[in-house]
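Listed below are the residues making up each chain.
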Amino acid sequence: MIVVGYSADEFGRAALEHGITEAKRRDTGLLVINATSGESYVDKRFAQESEVHDVEARLTDCGVPFELSQPVGVDAAEELVRAMDRDEAELLVIGLRHRNPVGKLLMGSVAQRVLLECPKPVLAVKPAEG
């Protein structure tokens, strides 16, 4: 199983597309996680109903078995690392955004925590430049 850390932006969409590619290459399914600490109304990265519908349509069209999870009230990094503890989890795919050192210090970085804490391979991707 390929685990995708999804966010409702171009970084999440890049992670989803790479996750689909990896799932097809490895002949396995996808677990797409879009988590929020509970600030879902102000968390711009938490997918709202219309985007969830679009993601589900894309996943259905690609033909790969999938599960879409939207846990609320959780730490996103912890949720992704916990998913990778499952025996069937092979690879975690996340979108990577550029942040300056001060931004990382003040805000933390889900990607940085995942890269340091994940017990299995992580593929960090960026969106294609327009």
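See the structure above.
Residues numbered from 1 in each chain as written. Predicted model: local features only at pLDDT ≥ 70, side-chain atom pairs only at ≥ 80, totals over all residues. Heavy atoms only, no water.

Draft legend 1. View of the overall build of the protein. Within the protein, the regular secondary structure consists of five helices and five strands. N-terminal to C-terminal, the α/β element order of the protein is β-α-β-α-β-α-β-α-α-β. In the protein, of all internal contacts separated by at least 6 residues, the share reaching a separation of at least 24 is 77%. By element, 51% of the accessible surface of the protein is carried by carbon and sulfur atoms, the whole surface being about 7600 Å². (Helix = DSSP H or I, 4+ residues; strand = E, 2+ residues; numbered from the N terminus. Contact = heavy atoms within 4.5 Å. Areas by Shrake-Rupley, 256 points an atom, 1.4 Å probe, with all protein chains shown as cover.)

Draft legend 2. Representation of the nonpolar core within the structure. If you look at the biggest cluster of nonpolar residues, it comprises 20 residues, and the most contacted ones within it are Ile2, Val4, Leu16, Leu30, Val32, Leu59 and Val93. For this core, the secondary structure elements donating two or more residues are β1 (2–5), α1 (10–26), β2 (30–33), α2 (49–62) and β4 (91–95). With five residues, the top contributor of residues to this core is α1. Discounting chain neighbours no more than four positions away, the residues touching Leu30 are Met1, Ile2, Val4, Gly19, Ile20, Ala23, Leu59, Val64, Pro65, Phe66 and Glu67. Ile33, Met84, Leu92 and Ala111 belong to the second largest nonpolar core, which has 15 residues in total. (Core = buried A, V, L, I, M, F, W, Y, C linked by side-chain atoms within 4.5 Å. Buried < 20%, exposed > 50% of the residue type's maximum accessible area, 1.4 Å probe, protein only.)

Draft legend 3. Spatial organisation of the sheet that holds strand β3 (residues 66–69). Strand order in this open sheet of five strands is β3-β2-β1-β4-β5, and the pairing throughout is parallel. One side of each edge strand has no neighbouring strand; the edge strands of this open sheet are β3 and β5 (122–125). Between one strand axis and the next, the sheet turns by 20° as a mean value, whatever way the strands run. Sheet topology places β1 next to β2; four bridges connect them, and they run parallel. Counted as the bridge partner of Val3 is Leu31 from β2. α2 contacts β2 and β3 of the sheet and is inclined by roughly 165° relative to β3. (Pairing = 2+ DSSP bridges. Axes fitted to C-alpha atoms, helices over the stretch in contact; angles between N-to-C directions.)

Draft legend 4. Geometry of α1. With 17 residues, α1 extends 24 Å between its outermost C-alpha atoms, agreeing within 8% with the 24 Å of an ideal straight helix rising 1.5 Å per residue. Within α1 the residues assigned to the buried category are Phe11, Gly12, Ala14, Ala15, Leu16, Gly19, Ile20, Glu22 and Ala23. Those residues of α1 that are buried lie in contact with β1, β2, α2, β4 and β5. The N-cap of α1, judged by a side-chain oxygen 3.1 Å from the amide nitrogen of Phe11 a few residues on, is Asp9. Trailing α1 by a residue or two, Asp27 shows a phi angle of about 55°, which is positive. (Expected span 1.5 Å × (residues − 1). Polar contact = N/O pair within 3.5 Å; in protein donor to acceptor, adjacent residues only side chain to side chain.)

Draft legend 5. How the structure looks around unusual backbone geometry. At Asp27, a residue that is not glycine, the phi angle is positive and equals roughly 55°. Structurally, the position occupied by Asp27 is in the loop between α1 and β2. Residue Asp27 is classed as exposed on the basis of its relative accessible area of 73%.

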